[in-house]
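In case you want the letters, here they are:
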Amino acid sequence: MVKVVAAVIEQNGKILICRRKNKDGSAGKWEFPGGKQEPGETERECLSRELMEELCLVVQPGDKIEAVRHDYGSFSVEVAFYRAKAVGGEMKLMVHADAAWVQKEALCGYDFLEADIGFVRWLAEGKR
Ligand SMILES: Nc1nc2c([nH]c(=O)n2[C@H]2C[C@H](O)[C@@H](COP(=O)(O)OP(=O)(O)OP(=O)(O)O)O2)c(=O)[nH]1
Ligand SMILES: [Mg+2]
């Protein structure tokens, strides 16, 4: 089970999502920025490190919203979604093909990684 932490950053009613580069099985899919938890690291530490590495953003991790598990066949993941606040840095795409600030209701129009689909629907419905 690969443990992953991802950020839900909301600003002015919009949520930050990122599109993966065209490689491997997840080619071009949208996701929430974040990545794999390293040994000895808390989920929040992982979130802060990943957001700096991937987007050059300083974030303040907030509440854990939900953790979802998904089986991709050759591996399975547990993605922990955390609210986070961008408190510094200037966003720069270090690993993604694209990024977008999207209104909750419009999230479902983006092609997300499979593990995220249920969560995105939930967010879009404004239940959280
Ligand atoms: N970052 C992120 N990964 C997700 C999400 N949903 C989902 O299934 N994943 C999967 C895709 C990958 O198989 C795995 C972690 O992805 P990652 O590519 O971000 O990991 P990483 O940043 O540590 O990158 P790397 O060092 O492994 O290249 O979790 C999501 O919303 N955000
Ligand atoms: Mg990542």
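Residues numbered from 1 in each chain as written. Chains lettered and ligands numbered in written order. Predicted model: local features only at pLDDT ≥ 70, side-chain atom pairs only at ≥ 80, totals over all residues.

Colleague: What's the story with the site of ligand 1 in this structure? I'm lost.
Modeller: Taken together, 16 residues sit near ligand 1, with Ala 6, Glu 31, Gly 35, Lys 36 and Ala 115 positioned nearest. Looking at the shell around ligand 1, the elements with two or more residues in it are strand E1 (2–11), strand E4 (34–36) and strand E6 (76–88). A breakdown of the residues in the shell around ligand 1 according to their chemical character gives 8 nonpolar, 4 polar and 4 charged. (Near = placed C-beta within 6 Å. Helix = DSSP H or I, 4+ residues; strand = E, 2+ residues; numbered from the N terminus. Nonpolar A, V, L, I, M, F, W, Y, C, P; charged D, E, K, R; others polar.)

Colleague: Which parts of the structure should I look at to understand the pairing of strand E5 (residues 58–71)?
Modeller: Residues in a regular strand project their side chains so that they alternate between the two faces of the sheet. In terms of strand pairing, E5 meets E6 through 11 bridges, oriented antiparallel. Pairing of Val 59 across the sheet is with Ala 86, part of E6. Here E5 folds back onto E6 in antiparallel fashion, the turn holding 4 residues, of which Gly 73 has a positive phi close to 100°. (Pairing = 2+ DSSP bridges.)

Colleague: Would you mind showing me how to read unusual backbone geometry here?
Modeller: Of note, the phi angle at Asn 12 is positive, near 50°, even though the residue is not glycine. Mapped onto the elements of the fold, Asn 12 is located in the loop between E1 and strand E2 (14–19). The exposed category is assigned to Asn 12, around which 6 C-beta atoms lie within 10 Å. Positive phi, normally seen in glycine, also occurs at Cys 56, with a value near 60°. Checked against the element boundaries, Cys 56 lands in the loop between helix H1 (43–55) and E5. (Buried ≥ 20, exposed ≤ 12 C-beta atoms within 10 Å, placed from the backbone.)

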